Amino acid sequence: MNLTQFFLLIFLGVPTLVVVIAIFIYNSLVGLRNQCRNGWSQIDVQLKRRHDLIPNLIETVKGYAEHEKKTLEQVIQARNAAQDATGVKDQASAEAGLSSALSNIFALAESYPELKANENFLALQEELTSTENRIGFARQHYNDSVMTYNTRREVFPANIVAGMFNFEEMEFFELAESAQRAVPQVNFQND
Amino acid sequence: MWQLIKENRRRTSILIGLMAVVLMTLGAAVGYVVEPLHGWKWGLAGAAGLWVTQVLAVWFGGDALMLASSGAVSVGKEDAPQLINIVEEMAIAAGLGQRPQVFIIENDVPNAFAVGMRRDRAAVAVTSGLLRRLNRDELQGVVAHEIAHIINEDVRFLTAAAVMVGSIVLISDLFFRGLLLRGHHHKRLDMRGAPQLQLLLVVAAVALAVLAPIAARLLYFACSRGREYLADATSARLTRYPDGLASALEKISRSAADMRMEVNRAVAPMYIVNPVQAAAHGWGATHPPTPKRIEILRNMAGGAGFRSYEKAAWRALGKSGQFLVGLGAMDEGAQFDVRAPLVDESGGTVAAEAMAFIDRRASFISIPCACGVRIKLTESDLRPTVVCPKCGTNHIVPHATDFQLADSSGDIAKSGDEPVVEPPAEPLLPNQEYCRREAGWESFRCRCGHTLQLSPAFAGSTIDCGKCRSTVLINNPTN
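In this text the structure is predicted, and so the values were computed from the model without any measurement.

The rules behind these values
- Residues numbered from 1 in each chain as written.
- Chains lettered and ligands numbered in written order.
- Predicted model: local features only at pLDDT ≥ 70, side-chain atom pairs only at ≥ 80, totals over all residues.
- Helix = DSSP H or I, 4+ residues; strand = E, 2+ residues; numbered from the N terminus.
- Rg over C-alpha atoms; globule rule 2.2 N^0.38 Å.
- Buried ≥ 20, exposed ≤ 12 C-beta atoms within 10 Å, placed from the backbone.
- Contact = placed C-beta atoms within 7 Å.
- Pairing = 2+ DSSP bridges.
- Axes fitted to C-alpha atoms, helices over the stretch in contact; angles between N-to-C directions.
- Core = buried A, V, L, I, M, F, W, Y, C linked by C-beta atoms within 7 Å.
- Nonpolar A, V, L, I, M, F, W, Y, C, P; charged D, E, K, R; others polar.
- pLDDT = per-residue confidence, 0-100.
- Parallel < 35°, antiparallel > 145°, perpendicular 65-115°, else oblique.

Caption draft 1: Local environment of the overall build of chain A. Each helix and strand in chain A was counted, giving 7 helices and 0 strands. Taken over C-alpha atoms, the radius of gyration comes to 26 Å for chain A, far larger than the 16 Å a tight globule of 191 residues would show. Its C-alpha atoms put chain A at 100 × 30 × 20 Å along the principal axes. Counting every position in chain A, which comprises 191 residues, the buried fraction comes to 30%. A separation of at least 24 residues holds for 79% of the contacts in chain A among residues at least 6 apart in sequence.

Set out below in structure tokens:
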């Protein structure tokens, strides 16, 4: 091998290697970003599922607990607010509000034995409890994916590729602390 | 997560390749012994053919075969909503695009397994004994363990390997039969080639046929053991609640000690706790000792991530925990805290739903009594009335009545004497009728003795008996 060949090899080989590595990094970043987006859409699906279940719940509860209009209205308001919310932060706090409004309904059911024995109500309660769990797990999966993605895009040498192709940092889906911790208010009014 | 899957994939291909070599050699040996001149070629071709068919069969039908051999029946959302919800929740936690199908095995031994060559075509099977014993947190832990097997692609590995082991065993079995056959034709074939060399080759072939199945099994066991720890670790991270799985494993191993589950040996390693060799240790065991698995899960010190699992495993296993090195790195430095236990208000509804499902499949008639007891009647039990064993109330077994003779004597099942229902003006008139009593699942007897089931979602006006083909008009008192 003479000197010309050697330099040719260096000049062609090194850039090719760099490009190949960059392609790999780019693809893995795309894969991770898609995982985050899928995770987000899964949260969306579950939130929508919860919104859809609420009218049914209101209909069922209404028949048994007519005097609890206030609690029912709160749930409807919280649902509408959650449906209208946009952006990760707003949506998170609106959904947390809806969660606490819903827990009020289930607390209320304690004082209506007939409602508690209603099969329809029990089925809805299970569905809403499960939806609540699903939202939690979908959020967990999304946050785990976001964390992996965010870490990966900050680490050298992926950060160079991330900078070049505009891989933006993703936001975590955090429930607003105050709303999440709010103790469900039990209504002890006599009627 | 990704490294784990890559590593599994690599091991799967190595194992399959290795076993293929053993299989081919064995095939050639069998052929040689049967027909020394050209037989080895046929043997080789036969072994290759067997291998290809087996791999294809596993790829396309392995799951169905395994589920069928264990007597698992598919459960839908309508049949057992809570169980389906638990599986759905865990599928979401794992980021699995689609919920695995759910199956119930009617067996009182608590156990569970997962099958599925592809993530989007997987299934989870649980025994009725498991559902009866575990609460929601524990069940969640077990389901998460099974889903971990699916996302870690252990299922693919185990199924592929199990089939390999199976075909090697089959070939060596064939070999001994071939030897027998050759003994039969001994006089004709004896004098071909050099006798000493031939004898040597036969001895080598016999040794191979004896050793190959053992070697294949050991290889298989060694690979499957580490996967159980990984699935436990993944379950802890998915549920963020290692104590759930720990207490489930305690309950499972406690009853596995008293009860034996009849399962096919080949599929035994796929269960969460090996049903055949619950107490086996050492290198013949497919599963790590359950007490160790529980000890690790109980000592994760408030963490739910891989790093906490790795640390606890080092404490519990010492040097033999070496295969877990690097597990903690998959947390990528993040902190995973344990969540609070779920409030299980349902109080065993999961089990009740599953039991009701099994009863329906067995064509039981289920009669709810006011005292809370559900009386069950088999299809062959044709008593018209039944007494509640608890409170002594006499119940009429719900049954369809003749449509024309609406006032048949002693007919209380048609309670409340519904106003006359106009017979639908259809050419095919229903010749029986039945009045619904409940909103949920309901069962009643057809005139021919067959049990008919009405689901909560039943919205039609007639139902056909599967046995005598007659049509029953369903009166719905609520509308």
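Caption draft 2: The overall build of chain B, seen in detail. The number of helices and strands found in chain B is 12 helices and 14 strands. Per-residue burial over chain B gives 42% buried out of 479 residues. In chain B, of all internal contacts separated by at least 6 residues, the share reaching a separation of at least 24 is 65%.

Caption draft 3: Broad picture of the sheet that holds strand β2 (residues 101–105) of chain B. Residue and element names in this part refer to chain B. An order of β1-β2-β4-β3 is seen for the 4 strands of this open sheet, with the pairing classed as mixed. Among the strands making up the open sheet, the edge pair consists of β1 (72–75) and β3 (112–115). Ignoring strand direction, the axes of neighbouring strands in this sheet form an average angle of 30 degrees. Where β3 meets strand β4 (residues 123–127), 4 bridges bridge the pair, whose relative direction is antiparallel. Each residue of the ladder has a partner; that of Ala114, found in β4, is Val124.

Caption draft 4: The nonpolar core, seen in detail. Residues B:Leu26, B:Leu83, B:Met90, B:Val124, B:Ala125 and B:Ile147 are the most contacted members of the largest nonpolar core, which totals 114 residues. B:Leu83 has contacts with B:Val75, B:Val102, B:Leu131, B:Val350, B:Glu353 and B:Ala354, leaving out every residue within four places of it along the chain. Counting 17 residues, the second largest nonpolar core, distinct from the first, contains A:Leu98, A:Ala101, A:Ile105 and A:Leu108.

Caption draft 5: Geometry of the interface of chain A and chain B. Taken residue by residue, the interface counts 16 residues in chain A and 12 residues in chain B. Secondary-structure elements contributing two or more residues to the side of chain A that touches chain B are α1 (3–64) and α5 (119–154) of chain A. The element that contributes the greatest number of residues to the side of chain A that touches chain B is α5(A), accounting for 13 residues. Its residues assigned to classes, the side of chain A that touches chain B comprises 4 nonpolar, 9 polar and 3 charged.

Caption draft 6: Representation of the pairing of strand β12 (residues 451–454) of chain B in the model. All names here are of chain B. Pairing analysis gives 4 bridges linking strand β11 (residues 442–445) to β12, with the strands arranged antiparallel. Pairing of Glu442 across the sheet is with Leu454, part of β12. Here β11 folds back onto β12, and the loop between the two strands holds 5 residues, one of which, Gly449, carries a positive phi near 100 degrees.

Caption draft 7: Region of interest: the confidence of the model for chain B. All names here are of chain B. In the predicted model, chain B carries a mean pLDDT of 76, and the fraction of residues at 70 or more is 78%. The low-confidence segment residues 187–191 (pLDDT under 50) makes 2 contacts with residues lying over four places distant or belonging to another chain. Segment residues 405–416: pLDDT under 50, and 12 contacts once partners within four positions in sequence are set aside and those in other chains are kept. At the level of chain-chain contacts, confidence expressed as ipTM amounts to 0.80, with global pTM at 0.75.

Caption draft 8: Up close: the confidence of the model for chain A. All names here are of chain A. Residues with a pLDDT of 70 or more make up 91% of chain A, whose mean pLDDT is 83. Confidence, expressed as mean pLDDT per element, reaches its minimum in chain A at helix α7 (residues 177–181) with 42 and its maximum at α1 with 89. Counting interchain partners and residues more than four positions distant, the pLDDT-below-50 stretch residues 177–191 has 17 contacts.

Caption draft 9: Structural context of the packing of helix α3 (residues 81–93) of chain B against helix α12 (residues 349–361) of chain B. Residues and elements named next belong to chain B. In the contact formed by α3 and α12, the axes pass within 7 Å of each other and the chain directions differ by 120 degrees. Viewed along their axes, α3 and α12 adopt a mutual orientation that is oblique. Contacts from Pro81, Gln82 and Leu83 of α3 reach α12 at Thr349, Val350, Glu353 and Ala354. A breakdown of the residues in the contact of α3 with α12 according to their chemical character gives 4 nonpolar, 2 polar and 1 charged.

Caption draft 10: Geometry of the sheet that holds strand β10 (residues 432–435) of chain B. Residue and element names in this part refer to chain B. Across the sheet, which stays open at both edges, the 4 strands sit in the order β9-β10-β14-β13 with mixed pairing between neighbours. Looking at the sheet topology across the chains shown, the edges are occupied by β9 (401–402) and β13 (462–464). As paired strands, β13 and strand β14 (residues 471–475) are joined by 3 bridges and run antiparallel to one another. Within the sheet, the bridge partner assigned to Thr462 lies in β14 and is Leu473.

Caption draft 11: Geometry of unusual backbone geometry. Following A:Phe156, the chain continues into A:Pro157 via a peptide bond in cis, with omega recorded as 0 degrees. The backbone of A:Asn166 sits at a positive phi, close to 60 degrees, despite the residue not being glycine. Looking at the secondary structure, you find A:Asn166 in the loop between α6 (158–164) and α7. One non-glycine residue, B:Glu153, adopts positive backbone phi at about 60 degrees. Within the secondary structure, B:Glu153 sits in the loop between α5 (136–151) and α6 (154–184).

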